[in-house]
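# Structural characterization, general
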Amino acid sequence: AQSVTQPDARVTVSEGASLQLRCKYSSSVTPYLFWYVQYPRQGLQLLLKYYSGDPVVQGVNGFEAEFSKSNSSFHLRKASVHWSDSAVYFCAVSMGTGANTGKLTFGHGTILRVHP
Amino acid sequence: EAAVTQSPRNKVTVTGGNVTLSCRQTNSHNYMYWYRQDTGHGLRLIHYSYGAGNLQIGDVPDGYKATRTTQEDFFLLLELASPSQTSLYFCASSLGGLQDTQYFGPGTRLLVL
């Protein structure tokens, strides 16, 4: 079964600082990997996704993520955060086949708070 | 931008009550999903569907039924609601499976007293 671990439940940073949110997955094959963001009182929105190619993938709003097969990780980064980046960030994986195709498994999420 | 709407946005019911949550997407997506979001658990998949009349079991299906009546509409049914089903429910849709982006609705907050 696929699983996702986000080891940091909460992260607090100052505005303008760099950011890394960690994500590790468990899988026997390389999955499709996603980062979603949930702003207060809203549904989730896609930040970026990865399956193959360049291990560093660019997303919206200056976010990027780096895939590491050896570490089974897909960490999210941003060079300089803004107070509006305060939100909950979810890592997710998809590697179903057949009847499980399309099934996403989410991590528990990381709450990001950016001090203005 | 894909549009997914949910109704009601808030619902209060009593233990044993009957609740139907509605979801509509207007982008001709094939897949639709129901999730619940709880503190400490993230999002967990209840049921999903890849077309009208189809239903697939998710990871936490107990106590829930679902029905996909059309390409656009996906309903989640709680026939005997329990306090453990108090949660924030999200519907989502995607064009295909696996690698496709899921588009989420705004959520329905359900309180079971």
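So, here is what we can say about the structure in this document.

Conventions used here
Residues numbered from 1 in each chain as written. Chains lettered and ligands numbered in written order. Predicted model: local features only at pLDDT ≥ 70, side-chain atom pairs only at ≥ 80, totals over all residues. Heavy atoms only, no water. Helix = DSSP H or I, 4+ residues; strand = E, 2+ residues; numbered from the N terminus. Rg over C-alpha atoms; globule rule 2.2 N^0.38 Å. Buried < 20%, exposed > 50% of the residue type's maximum accessible area, 1.4 Å probe, protein only. Contact = heavy atoms within 4.5 Å. Areas by Shrake-Rupley, 256 points an atom, 1.4 Å probe, with all protein chains shown as cover. Lys, Arg positive; Asp, Glu negative; His and termini not counted. Charge placed at Lys NZ, Arg CZ, Asp CG, Glu CD. Salt bridge = Lys/Arg side-chain N within 4 Å of Asp/Glu carboxyl O. 1 Å grid on protein atoms, 1.4 Å probe; cavity = no way out; pocket = protein on both sides within 12 Å on 5 of 7 lines; lining within 4 Å. Points joined across faces, edges and corners; volume = space filled by probe spheres on them. Nonpolar A, V, L, I, M, F, W, Y, C, P; charged D, E, K, R; others polar. Phe/Tyr/Trp six-rings, centres within 6.5 Å; stacked < 30°, edge-to-face > 60°. Buried area = accessible area lost by both parts, 1.4 Å probe. Polar contact = N/O pair within 3.5 Å; in protein donor to acceptor, adjacent residues only side chain to side chain. Pairing = 2+ DSSP bridges. Axes fitted to C-alpha atoms, helices over the stretch in contact; angles between N-to-C directions.

## Some points on the overall build of chain B
Counting its secondary structure elements, chain B contains 0 helices and 11 strands. When the helices and strands of chain B are listed from N to C terminus, the series reads β-β-β-β-β-β-β-β-β-β-β. A compact globule built from 113 residues should have a C-alpha radius of gyration of about 13 Å, and chain B, at 13 Å, falls within 12% of that. Counting only residues that meet the buried cut, chain B has 52% of its 113 residues in that class. Contacts in chain B between residues far apart in sequence, at least 24 positions, make up 54% of those at least 6 positions apart. Total accessible area computed for chain B in this model is approximately 4900 Å², and 52% of it derives from carbon and sulfur atoms. Chain B carries 8 positive and 8 negative side-chain charges, and their two centres are separated by 8 Å.

## As for the pattern of salt bridges
Oppositely charged side chains are able to pair whenever their charged atoms sit close together. By the definition in use, this model includes 8 salt bridges over all chains. Measuring nitrogen to oxygen at the nearest pair gives 2.8 Å for the salt bridge that ties Lys-78 of chain A to Asp-85 of chain A. Comparing Lys-78 of chain A with Asp-85 of chain A, the two get one shared label, buried. The salt bridge involving Asp-38 of chain B is made with Arg-44 of chain B; its shortest N-O contact spans 2.9 Å. Its relative accessible area of 14% is what places Asp-38 of chain B among the buried residues. Residue Arg-44 of chain B is classed as partly exposed on the basis of its relative accessible area of 24%. What emerges from the salt-bridge pattern is a single network uniting Glu-64, Glu-66 and Arg-77 of chain A.

## Focus: the layout of surface pockets
Leftover empty space is mapped by rolling, across the atoms, a probe with the size of a water molecule. When its volume is computed, the largest pocket comes out at roughly 590 Å³. Lining the largest pocket are 29 residues; nearest its centre among them are Gln-38 and Val-88 of chain A together with Gln-37, Asp-38 and Thr-39 of chain B. Going through the elements one at a time, strand 10 (87-94) and strand 12 (110-115) of chain A together with strand 4 (31-38), strand 9 (87-94) and strand 11 (108-112) of chain B are the ones with two or more residues in the lining of the largest pocket. Ranked by the residues each element gives to the lining of the largest pocket, the list is headed by strand 9 of chain B, at 3 residues. Looking at the lining of the largest pocket residue by residue, the class counts come to 9 nonpolar, 14 polar and 6 charged.

## Description of the packing of aromatic side chains
The final tally for this structure, using the stated rule, is 19 aromatic pairs over all chains. On the numbers, 6.2 Å between centres and 20° between planes, the contact of Tyr-31 of chain B with Tyr-33 of chain B is stacked. Assessed through its relative accessible area of 12%, Tyr-31 of chain B is described here as buried. Each residue in the set Phe-34, Tyr-36, Phe-90 and Phe-106 of chain A together with Tyr-31, Tyr-33, Tyr-35, Tyr-48, Tyr-50, Phe-90 and Phe-104 of chain B is aromatic and connected to the rest through ring pairs, giving one cluster.

## A look at the interface of chain B and chain A
Taken together, the contacts link 22 residues of chain B with 22 residues of chain A. Together chain B and chain A conceal approximately 1800 Å² of surface at their shared face, both sides included; 53% is due to carbon and sulfur atoms. Connecting chain B to chain A are 0 salt bridges. Counting every contact that joins chain B to chain A gives 4 residue pairs in polar contact (both at pLDDT 80 or more).

## Observations concerning the sheet that holds strand 7 (residues 65-68) of chain B
Residue and element names in this part refer to chain B. Spatially, 4 strands are ordered 1-3-8-7 in an open sheet, and the strand pairing comes out antiparallel. Two strands close off the open sheet at either side, each with one partner strand: strand 1 (4-7) and strand 7. On average, adjacent strands in this sheet sit at an angle of 15° to one another, irrespective of strand direction. Sheet topology note: the strand 3 (residues 19-25)/strand 8 (residues 73-78) ladder contains 6 bridges and is antiparallel. Across the sheet, residue Cys-23 finds its bridge partner in strand 8, namely Phe-74.

## Concerning the pairing of strand 3 of chain B
Residues and elements named next belong to chain B. Of all 7 residues in strand 3, 5 are buried, a share of seventy percent or more. Bridge count for strand 1 against strand 3 is 4 bridges, and the pairing is antiparallel. Paired with Ser-7 across the bridge in strand 3 is Ser-22.

## Focus: the pairing of strand 9 of chain B
Residues and elements named next belong to chain B. Burial within strand 9 is extensive, with 8 of its 8 residues counted as buried. Burial along strand 9 is two-sided: Ser-87, Tyr-89, Cys-91 and Ser-93 facing one way and Leu-88, Phe-90, Ala-92 and Ser-94 facing the other are all buried. Taken together, the 7 bridges between strand 4 and strand 9 define a ladder with antiparallel strand orientation. When the sheet's bridge partners are listed, Gln-37 is paired in strand 9 with Leu-88.

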